[in-house]
Amino acid sequence: MARILITGAGGSAAFNFRDALALAPAGYEVVGTDVKRYHLELMELSAKYLVPPVSDSGYVDAINRVIEDERIEFVHPQPDVEVGFLAEHRDKIQAPVFLPDAAAVALCHDKMAFNAHLRAAGVPVPAAVKIDSPDDLHGALAELLEHHPRVWLRAIRGAGSRASLPVNSFYQGDAWIDYWRSFRGLDYGDFMASEYLPGAEFAWQSLWHRGRLVTSQARERIEYIFGNLTPSGQSSSPSVARTVNRADVNHAGEAAVRAVSAEPHGVYCVDMKCTAADAPMVTEINVGRFFTTSNFFAHAGLNMPDMYVQLGLGNTLAETPPRYDPLPADLYWVRMIDMGYRLVREGEWSSTPR
């Protein structure tokens, strides 16, 4: 069995990636690293290691010691910060990775620059304004509220809808930025404002190899884990999602990826939100790593983490699924903290209406 390393293995996204690999017929010996010891206790791994953060000068040596000691054949970084570091410094890591080029990763990690780049490339994106000052916030609100009842204020960097809030006044936006400045280290210059999109939200997961789209599948986020407790009403990680097969979503996802990479290579997970007219607009690409619920498609029969690792190891896939929509529509993935998960087909719900 191939021996692979997952970094950030204490997180739920890595846990679900590992769950998908457990379904693979060949099987894997999986080792994990993390900067915190607590959640590593939850993952079934061959070995677990604490390592310093990527900002520490000892990070590379620590990862390479794990690679040497555990005879690692492939490294999968799950957190964005490690994706970015390994994409830029892959030559320093003593095992293969399967990552997009460093420039594409850096672009996708800056949501404002990403928005401007895709707009210039003709890819549908929401109208957006960089917020460097209170005057910028005033101007963005005046511009965007002229056509929309609310404005989406969010941090330029970070996952999980970081620092996101719908606002409709300068008072709300300025107070929100003040909170993040006072307690979380973000300030004007770290935020962007964009048009509020009221329609459905889609997540398009795609796997590429040397410029070729291997396969892709979209899902709609229907409910969010603890979304009722967040100021924005969402958390980006769904408690309920369903497969969707829409040509416009596939087209927007592929166009977005090709706009950021001349030769797409690795994993590109594209987020989209629809307008009131149901037109998908690309909001970001989670690049080089999988969505949190990568095991959804794997349990439905499309094991993209397994295909990704096999390609990363230099192997040829035994079977290649269709490039678009390999799964049927209306497969539901229902999950909740401390309750596990379940795959349900439309029409096969266990509850009975009264």
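Report follows, based on the coordinates. (Residues numbered from 1 in each chain as written. Predicted model: local features only at pLDDT ≥ 70, side-chain atom pairs only at ≥ 80, totals over all residues. Heavy atoms only, no water.)

1. A short note on the sheet that holds strand β7 (residues 165-167)
Item 1. A sheet is described by the order of its strands in space; here four strands give the open sequence β5-β8-β6-β7, paired in antiparallel fashion. On the outer flanks of this sheet lie β5 (128-131) and β7, each paired with one strand and no other. Taken pair by pair, the neighbouring strands of this sheet meet at an average axis angle of 30°, ignoring direction.
Item 2. Pairing between strand β6 (residues 151-155) and strand β8 (residues 191-195): five bridges, direction antiparallel. (Pairing = 2+ DSSP bridges. Helix = DSSP H or I, 4+ residues; strand = E, 2+ residues; numbered from the N terminus. Axes fitted to C-alpha atoms, helices over the stretch in contact; angles between N-to-C directions.)

2. Here's the deal with the side chain of His76
Item 1. With respect to the secondary-structure elements, His76 resides in strand β4 (residues 74-77).
Item 2. Contact partners of His76, with chain neighbours within four places excluded, come to Leu5, Ile6, Thr7, Phe17, Gly288, Arg289, Phe290 and Tyr308. (Contact = heavy atoms within 4.5 Å.)

3. A short note on the sheet that holds strand β2 (residues 28-34)
Two modes of strand pairing occur in sheets, parallel and antiparallel, and in both the strands are linked by backbone hydrogen bonds.
Item 1. Strand order in the open sheet formed by four strands is β3-β2-β1-β4, with parallel pairing between adjacent strands. Because the sheet does not close on itself, it has two edges, and the strands there are β3 (47-50) and β4. Recorded for the sheet is a direction-independent mean angle of 20° between the axes of neighbouring strands.
Item 2. Note that strand β1 (residues 2-7) and β4 share four bridges and pair parallel. Within β4, the residue paired with Ile4 across the bridge is Phe74.
Item 3. Running over the sheet, helix α2 (residues 59-70) touches β1, β2, β3 and β4 and is turned about 155° from β1.
Item 4. Contacting β1, β2 and β4, helix α10 (residues 304-312) runs over the sheet at an angle of about 135° to β4.

4. Observations concerning the nonpolar core
Where a protein is soluble and globular, its nonpolar side chains tend to be buried together.
Item 1. The biggest cluster of nonpolar side chains holds 47 residues, and the ones touching the most others in it are Val75, Leu118, Trp204, Val282 and Ile285.
Item 2. The contact partners of Val282, leaving out residues within four places of it in the chain, are Phe114, Leu118, Val123, Pro124, Val125, Pro126, Ala252, Ala256, Val270, Asp271 and Met272.
Item 3. Counting residues in hydrophobic clusters, the runner-up holds 36 residues, among them Ile4, Ile6, Phe17 and Phe296. (Core = buried A, V, L, I, M, F, W, Y, C linked by side-chain atoms within 4.5 Å. Buried < 20%, exposed > 50% of the residue type's maximum accessible area, 1.4 Å probe, protein only.)

5. A few points about the packing of aromatic side chains
Item 1. Applying the stated rule across the entire model yields 16 aromatic pairs.
Item 2. Between Phe98 and Tyr308 the ring centres are 5.5 Å apart and the planes differ by 15°, which places this aromatic pair in the stacked class. Of the two residues, Phe98 is situated in the loop between α3 (80-88) and α4 (102-109) and Tyr308 in helix α10; the sequence distance between them amounts to 210 residues. The same class applies to Phe98 and to Tyr308, which are both buried.
Item 3. Note on Tyr179 and Trp180: the rings are 5.9 Å apart at their centroids and 90° apart in plane angle, and the pair reads as edge-to-face.
Item 4. An aromatic cluster of three or more residues is present, and its members are Phe17, Phe74, Phe98, Phe290 and Tyr308. (Phe/Tyr/Trp six-rings, centres within 6.5 Å; stacked < 30°, edge-to-face > 60°.)

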